[in-house]
Amino acid sequence: MDFFKKTFDPVISLAIIAVLNIFLFLTVGAWTVGGGETMMTGLIAEFFLGDELARIPFWDLVFKPDAGYWKIYISLGMLFGALVGALMSKEFYWRVPKHLSEWVMITIGGLLMGIGIRLAFVCNVSTFFGLTPQMNLGGYLSITGIIAGAWVGSLIYKKVLEG
Amino acid sequence: MSVVGQCLAAFIFGSAVGFLVQRSRFCNTAALRDAMLFKTYRNTKALLVTMMILTVGFTTFMTFGDGVPLQFDVGINQVIGLFLFGIGMVLAGACTVSTWVKAGEGNVGAIWALLFTFIGMFLFSLVWSYTYWPPASATMTGEPNLAGLQFGFANAATLQEETGIPALFFGLIQTAVLYAIYQAILRKERRIAEQHAPVSQPVAAARTVLESKS
């Protein structure tokens, strides 16, 4: 199908997402990813540690593992939607980073994202598509932080690419 | 709404997002990184348009007390956390959305990034269990808590409560600011385009005539 051959316009695609996000805001809450990922971490940890996990206060007080937490299903939905999109446009294939430097950067980057989300209690999605549009002052603080971080990250990224 | 209903709504929303993001190649990381590193603004413009629509949408419903706003207190931890996150997302080449989307495309690097995001979260959960900082949603009071570097709760709805002016009014001001940034980017793009393709005198003259007509 021709429809799946060309790339969608990002502005139109994101505008559709914005409208859907307003509907979600009216029913359960605005689009967010970090909370669902934390709950998944908790569920995975519970799978390995069992009841021992409850001895770590964070998993007892803040995020009690619960498979019925709606935010998890946004993440799973995104995985599913992207898989469908990639298969229909024949863009699905296994991509493996080739260089050791890429693996190191992804590892450090992943760790920093995880720590950052938990420290801030928000992720980039709730910053740009939740807090700031709701004019939560924390959103402005978060945007300041993420722009400064992206700038420092870009400097490091450039150094690694060139060196 | 029942738990199953919530999860179903979330899954349907997520599927639509995953599909649209995959097909449009939108990336939040690229929106910031490309603007800084390569001076290209394809994703940045999409991000700004989304934020404008959301600001009008959210503040309209918040004016009438509808919707479920995020209940997070304002705190210094948000600046530090998102700073670390910002470094991380550029290094990993993906944010929280694009890790899931790229994982769906078969990107092993993105799956690896997700794995280490989970590990990072677990590591910080251990730190939190010692420090009990930053305050979690359950212990956020909505009041300033300077010892915890928290400044209380403030969003469009609280602005409306305090000033008596509808939240939508403030939303429209924010939308205007976002629109000004969007226009500044368009101007910058035109400048870059002119530098890269210096047009000869007659063509430039013809273009100004055309532009003034349209």
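In this text, all values refer to a predicted model and were calculated from it rather than measured experimentally. (Residues numbered from 1 in each chain as written. Chains lettered and ligands numbered in written order. Predicted model: local features only at pLDDT ≥ 70, side-chain atom pairs only at ≥ 80, totals over all residues. Heavy atoms only, no water.)

Our focus in this paragraph is the confidence of the model for chain B. Residue and element names in this part refer to chain B. With 91% of its residues at a pLDDT of 70 or more, chain B shows a mean pLDDT of 89. Averaged pLDDT values for the elements of chain B fall to 54 in helix α9 (residues 201-213) and rise to 96 in helix α3 (residues 42-63). The ipTM for the predicted assembly is 0.95, set against a pTM of 0.91. (pLDDT = per-residue confidence, 0-100. Helix = DSSP H or I, 4+ residues; strand = E, 2+ residues; numbered from the N terminus.)

Moving on, we come to the nonpolar core. Buried together is how nonpolar side chains tend to be arranged in soluble globular proteins. Among the nonpolar cores identified, the biggest contains 95 residues, and W31, V33, F128 and F129 of chain A together with M89 and V97 of chain B are the most heavily contacted of them. Broken down by element, this core gets its largest block of residues, nine residues, from α3 of chain B. Those residues in contact with F129 of chain A, other than ones at most four positions away along the chain, are L14, N21, A30 and W31 of chain A together with F26, L47, T50, L54 and F58 of chain B. (Core = buried A, V, L, I, M, F, W, Y, C linked by side-chain atoms within 4.5 Å. Buried < 20%, exposed > 50% of the residue type's maximum accessible area, 1.4 Å probe, protein only. Contact = heavy atoms within 4.5 Å.)

Let us look at the packing of aromatic side chains. Any pair of aromatic rings gets described here by the distance separating the centres and the angle formed by the planes. In the structure shown here, the tally under the stated rule is 17 aromatic pairs over all chains. The interplanar angle of 80° and the centroid separation of 5.3 Å between the aromatic rings of F47 of chain A and F48 of chain A together place this pair among those described as edge-to-face. Measuring from centroid to centroid gives 5.3 Å for F92 of chain A and W94 of chain A, while their planes differ by 80°, and the two rings are edge-to-face. Accessibility expressed as a relative area gives 25% for F92 of chain A, which makes it partly exposed. Assessed through its relative accessible area of 60%, W94 of chain A is described here as exposed. Put simply, the rings of F58, W59, F63 and Y69 of chain A together with F122, W128 and Y132 of chain B pair up and form one aromatic cluster. Lying across the ring of Y93 of chain A, R95 of chain A places its NZ or CZ 4.0 Å from the centre. Here the guanidinium or amino end of R118 of chain A rests over the ring plane of F121 of chain A, the centre of that ring lying 4.7 Å away. (Phe/Tyr/Trp six-rings, centres within 6.5 Å; stacked < 30°, edge-to-face > 60°. Lys NZ or Arg CZ within 6 Å of the ring centre and 35° of its normal.)

Quick look at helix α6 (residues 108-131) of chain B now. Residues and elements named next belong to chain B. Spanning 24 residues, α6 covers 35 Å between terminal C-alpha atoms, matching the ideal 34 Å at 1.5 Å per step. The N-terminus of α6 is capped by N107, whose side-chain oxygen sits 2.9 Å from the backbone nitrogen of G109. Once α6 ends, the next one or two residues include Y132, with phi positive near 55°. (Expected span 1.5 Å × (residues − 1). Polar contact = N/O pair within 3.5 Å; in protein donor to acceptor, adjacent residues only side chain to side chain.)

Here the focus is helix α7 (residues 137-162) of chain A. Helix length check: α7 of chain A, at 26 residues, gives a terminal C-alpha distance of 38 Å against a target of 38 Å (1.5 Å per residue), a fit within 8%. Looking at α7 of chain A, one finds that the buried residues are G138, G139, S142, I143, G145, I146, G149, A150, G153, S154 and Y157 of chain A. Tucked into the core, α7 of chain A has its buried residues touching α5 (100-120) and α6 (124-131) of chain A together with α2 (28-37), α3 and α4 (76-92) of chain B. For α7 of chain A, the N-terminal cap is N136 of chain A; the gap from its side-chain oxygen to the backbone nitrogen of G138 of chain A is 2.8 Å.

So, about the layout of surface pockets. Looking at the largest pocket, its volume works out to about 520 Å³. Forming the walls of the largest pocket are 25 residues, and the residues nearest its centre are E102, I106 and Y157 of chain A together with A92 and G93 of chain B. A per-element tally of the lining of the largest pocket places α5 of chain A first, with four residues. Tallied by class, the residues present in the lining of the largest pocket amount to 15 nonpolar, five polar and five charged. (1 Å grid on protein atoms, 1.4 Å probe; cavity = no way out; pocket = protein on both sides within 12 Å on 5 of 7 lines; lining within 4 Å. Points joined across faces, edges and corners; volume = space filled by probe spheres on them. Nonpolar A, V, L, I, M, F, W, Y, C, P; charged D, E, K, R; others polar.)

Our focus in this paragraph is the interface of chain B and chain A. When the parts of a complex come together, some accessible area is lost, and that lost area is often taken as the interface size. Tallying the contact residues gives 108 residues for chain B and 117 residues for chain A. Summing both sides of the interface, chain B and chain A together bury roughly 10400 Å²; the carbon and sulfur share of this comes to 79%. Considering only the side of chain B, the residues that lose the most area to chain A are F13, R23 and W100 of chain B, jointly responsible for 8% of the buried surface there. Where chain B touches chain A, the interface holds two salt bridges. As a salt-bridge pair, E91 of chain A and R23 of chain B come within 3.1 Å of each other at their nearest N and O atoms. Linking chain B with chain A are 28 residue pairs in polar contact (both at pLDDT 80 or more). Sorting the residues of the side of chain B that touches chain A by element identifies α1 (3-24), α2, α3, α4, α5 (96-104), α6 and α8 (167-196) of chain B as the ones contributing at least two each. Among the elements that line the side of chain B that touches chain A, the one with the most residues is α6 of chain B, at 19 residues. (Buried area = accessible area lost by both parts, 1.4 Å probe. Salt bridge = Lys/Arg side-chain N within 4 Å of Asp/Glu carboxyl O.)

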